[in-house]
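Okay, here's what each chain looks like letter by letter:
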Amino acid sequence: DHASRSGMNGRFAAVKVIEGDEDIIERLKLSENELEMMEHSIIEMERDRGLDRNAAMADMRYSFIENICEQSVVKCQVSKEYERSVQIDSVLTNRYLALPVFAGIMVFIFWMTFGPFGSFLSDALSAGIEILLTNYGINPVVKSLVIDGIFTGVGSVLSFLPVILILFFFLSILEDTGYMARIAFVMDTFLRKIGLSGRSFVPMLLGFGCSVPAVMASRTLSSERDRNLTIMLIPFISCSAKIPIYTVFTAAFFPHRGVLVMSCLYFGGIVIGILMALIFKKVLFAGKPMPFVME
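Residues numbered from 1 in each chain as written. Predicted model: local features only at pLDDT ≥ 70, side-chain atom pairs only at ≥ 80, totals over all residues. Heavy atoms only, no water.

(A) The arrangement of the overall build of the protein chain in detail. Along its length, the protein chain carries 16 helices and 0 strands. Within the protein chain, the proportion of its 295 residues that are buried is 33%. Here the contacts in the protein chain between residues at least 6 apart in sequence split such that 68% fall between residues at least 24 apart. Accessible area for the protein chain stands at about 18700 Å²; split by element, carbon and sulfur atoms hold 65% of it. (Helix = DSSP H or I, 4+ residues; strand = E, 2+ residues; numbered from the N terminus. Buried < 20%, exposed > 50% of the residue type's maximum accessible area, 1.4 Å probe, protein only. Contact = heavy atoms within 4.5 Å. Areas by Shrake-Rupley, 256 points an atom, 1.4 Å probe, with all protein chains shown as cover.)

(B) The arrangement of the packing of helix α15 (residues 242–253) against helix α16 (residues 258–283) in detail. Two elements in contact, α15 and α16, have axes whose closest approach is 10 Å; the angle formed by their N-to-C orientations is 145°. Crossing handedness for the pair α15 and α16: right-handed. Contact with α15, carried on its side by I243, Y246, T247 and T250, involves G258, V261, M262, L265 and Y266 of α16 and no other residues of that element. Within the contact of α15 with α16, the residues separate by chemical class into 6 nonpolar, 3 polar and no charged. (Axes fitted to C-alpha atoms, helices over the stretch in contact; angles between N-to-C directions. Left-handed = near helix turned anticlockwise from the far one by under 90°. Nonpolar A, V, L, I, M, F, W, Y, C, P; charged D, E, K, R; others polar.)

(C) A look at unusual backbone geometry. Non-glycine residue K29 carries a positive phi angle of around 55°. We classify K29 as exposed; its relative accessible area is 66%.

(D) Structural view of the pattern of salt bridges. Tallied over the entire structure, the rule returns 6 salt bridges. Here R53 and E39 are joined by a salt bridge, their closest N and O atoms 2.8 Å apart. Here the residue R53 occupies a position in helix α5 (residues 53–72), and E39 occupies one in helix α4 (residues 32–49), the gap between them amounting to 14 residues. Residue classification places E39 among the partly exposed positions, given a relative accessible area of 32%. Taking the shortest distance from any N to any O, the salt bridge between D59 and R49 comes out at 2.7 Å. Taken together, the positions of D59 in helix α5 and R49 in helix α4 put the pair 10 residues apart, joining distant regions of the chain. If you follow the salt bridges from partner to partner, you end up with K16, E19 and R61 in one network. (Salt bridge = Lys/Arg side-chain N within 4 Å of Asp/Glu carboxyl O.)

(E) Main features of the packing of aromatic side chains. Under the criterion given, the structure shown has 3 aromatic pairs. Ring plane angle 40° and centroid distance 6.3 Å describe the contact between F102 and Y179, whose orientation is recorded as tilted. Here Y179 lies in helix α11 (residues 179–193) and F102 lies in helix α7 (residues 98–114), a separation of 77 residues in the sequence. On the accessibility criterion, F102 (10% relative accessible area) is buried. Taking relative accessible area as the criterion, Y179 reaches 4% and is therefore assigned buried. (Phe/Tyr/Trp six-rings, centres within 6.5 Å; stacked < 30°, edge-to-face > 60°.)

Keep in mind that these numbers describe shape and distance, not what the molecule does.
Below, the structure is given as structure tokens:
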């Protein structure tokens, strides 16, 4: 009755009331008792569906759309590539397997970087530079200056170049295959448990590439609380500028424990960041994160 008097469709008005649209609620001229009764119905809906009101509305919309599509849309052919991608996603985005798979992939990358392959390339580069200088018959004094002076200093850092190249090669594969986006999807629920909005994962994900654009991207968060908390946690993520530093120090000081040390540094930063998030959530940023529905 309120909707028809206001010239609105009843279903549209009901949806807007559930979404908390203040302009529509004002136009409907609802009494306090009616608003309270509707709020009880909405709370009951949230309890029955196990979702907050925004997520429940989105779930119902998509269920309705999928039902119509299932009845009316005929798909001529599904490509083998798409089927294969769906099968892979069933593992990579699985509720229980996703995080162990992600950890396993990162450990494998570190093993390839610091294991036999990375060490072989580093040793080959060092030997190649020395052989090149020897074959050219350079004066012993100049050779000593280059090998014992320059190469022992700067060249020792140069020998780590293959290790860094291998690492970035694998990280670029993770980006280009879309695997990082799938990790964002998987991590959304977890982030909410430590007090972050699901929207925070985009800046946090950028933090694995570079902390500067990650901090800049946090301005897109609508809540000041979520913005500040995200900015304070980004430095705990091992970005692409920190990883080469880890790489150099690990190769220099822990040549036989490279995989273990790099894994501890990489995942240790994430674990400490989570602990700090829980502390900040209780101390500095009390309150709930903004609701977020990820498509």
